[in-house]
Amino acid sequence: EQYLCREDAFKYEWVRGAVVKTPRAMNQYQYFILLNLQRRFAQLKSEQKVAGEFLAETDTFFLKKVHRRLDMAWFNDEQLARMAHRQNQVPKFVLEIISGNDIVDNLLDKLKDYRDAEVAVIWLISPKLEQVHIYTAGGTTICTGDDICTAAPMLPEFQLKASEIFIKPALPEEQAK
């Protein structure tokens, strides 16, 4: 618990009895991805096609001895209510954005923890390659370009083209032209 509330340049996770210290994964250069996903979710929510919330950087205990700080996750309304009453909830849809700080073995370990905790849908988003690797019980799919990324079966209405995830906003000086 002493590590969860630390405010420094690092992210701390409790993994099988050890504190794992890594540079904060989500940086300001990746937030456009988070915003694109949140905007799509908000659109669907306003159309009453989805419920719940997307949350970023949420501390979650996935297994008895595994704490992770998620880049993004979807929690349904029941889970949000239970969280308000201090009942730990494991999301069924998790999104991880790969950063330059990520180490492959640590990332694979994290994905294994999510699967062991029965997360139904995992999106592993690569900004560098502009790819989304989607893991479900049915297997793995890699989305690029116009491929449709979906959160089915957990949140089937949430889908968008891979290219839409990586759209960067225009710079202010470009908009003035």
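My aim in this report is to walk through the structure given alongside it, one point at a time.

Conventions we followed
- Residues numbered from 1 in each chain as written.
- Predicted model: local features only at pLDDT ≥ 70, side-chain atom pairs only at ≥ 80, totals over all residues.
- Heavy atoms only, no water.
- Phe/Tyr/Trp six-rings, centres within 6.5 Å; stacked < 30°, edge-to-face > 60°.
- Helix = DSSP H or I, 4+ residues; strand = E, 2+ residues; numbered from the N terminus.
- Buried < 20%, exposed > 50% of the residue type's maximum accessible area, 1.4 Å probe, protein only.
- Salt bridge = Lys/Arg side-chain N within 4 Å of Asp/Glu carboxyl O.
- Core = buried A, V, L, I, M, F, W, Y, C linked by side-chain atoms within 4.5 Å.
- Expected span 1.5 Å × (residues − 1).
- Arc of directions from axis to C-beta.
- Contact = heavy atoms within 4.5 Å.
- Pairing = 2+ DSSP bridges.
- Polar contact = N/O pair within 3.5 Å; in protein donor to acceptor, adjacent residues only side chain to side chain.

1. Let's talk about the packing of aromatic side chains
The geometry of an aromatic ring pair comes down to the distance between the two centres and the angle between the two planes. For the structure shown, the criterion picks out 7 aromatic pairs. Between F93 and W123 the ring centres are 5.2 Å apart and the planes differ by 75°, which places this aromatic pair in the edge-to-face class. You can see F93 sitting in strand β5 (residues 93–97) and its partner W123 sitting in strand β6 (residues 121–126), a full 30 residues away along the chain. F93 sits in the buried class, given a relative accessible area of 0%. The class for W123 is buried, based on a relative accessible area of 0%. An angle of 55° between the planes, with centres 6.0 Å apart, marks the rings of F93 and F158 as tilted. A residue pair is termed long-range when its members are at least 10 positions apart, and F93 in strand β5 and F158 in strand β10 (residues 155–161) qualify at 65 residues.

2. Section: the pattern of salt bridges
The full count for this structure, using the stated rule, is 7 salt bridges. Measuring nitrogen to oxygen at the nearest pair gives 2.6 Å for the salt bridge that ties D116 to K112. In this pair, D116 and K112 are both assigned in helix α3 (residues 104–116), 4 residues apart and thus about one turn of the helix distant. A residue is classified by how much of its surface remains accessible, and D116, at 41% relative accessible area, is partly exposed. Linked by salt bridges that have partners in common, R68, D109 and D113 make up one network.

3. Observations concerning the nonpolar core
One finds L37, F93, W123, I125, V132, F158 and I165 to be the most contacted residues of the largest nonpolar core, which totals 27 residues. Mapped onto this core, the elements with two or more residues apiece are α1 (31–46), β4 (66–75), β5, β6, β7 (131–136), β9 (148–151), β10 and α4 (162–165). A total of 6 residues in this core trace back to one element, the largest contributor, which is α1. Counting 15 residues, the second-largest nonpolar core is a separate cluster that includes L70, L111, Y114 and Y135.

4. Description of α3
Across its 13 residues, α3 extends 18 Å between first and last C-alpha, which sits within 8% of the 18 Å expected from 1.5 Å per residue. Buried within α3 we find L107, K110, L111, D113 and Y114. Buried residues of α3 fall within an arc of 155° about the axis and therefore sit on the same side. Pointing more than 90 degrees away from the buried face of α3 are the exposed residues V104 and D105. Positive phi appears at E118, one or two residues downstream of α3, with a value of about 65°.

5. Some words on α1
Over its 16 residues, α1 runs 22 Å from end to end, which matches the ideal 22 Å to within 8%, given 1.5 Å per residue. Within the sequence span of α1, burial applies to F32, I33, L34, N36, L37, F41 and L44. Contacts made by the buried residues of α1 are with β3 (53–63), β4, β5, β6, β10 and α4. At the C-terminal side of α1, Q48 shows a positive phi close to 60°.

6. Digging into the pairing of β3
The pairing of β3 with β4 spans 9 bridges and is classified as antiparallel. Opposite A56, over in β4, you have M72 as the bridge partner. Between the antiparallel neighbours β3 and β4 lie 2 residues.

7. Re the side chain of N36
Here N36 lies in helix α1. A polar atom in the side chain of N36 sits 2.8 Å from the backbone oxygen of I167. Once residues within four sequence positions are removed from consideration, N36 is found in contact with E164, I165, F166 and I167.

Note that every value here comes from positions in space, so none of it alone points to a role or purpose.
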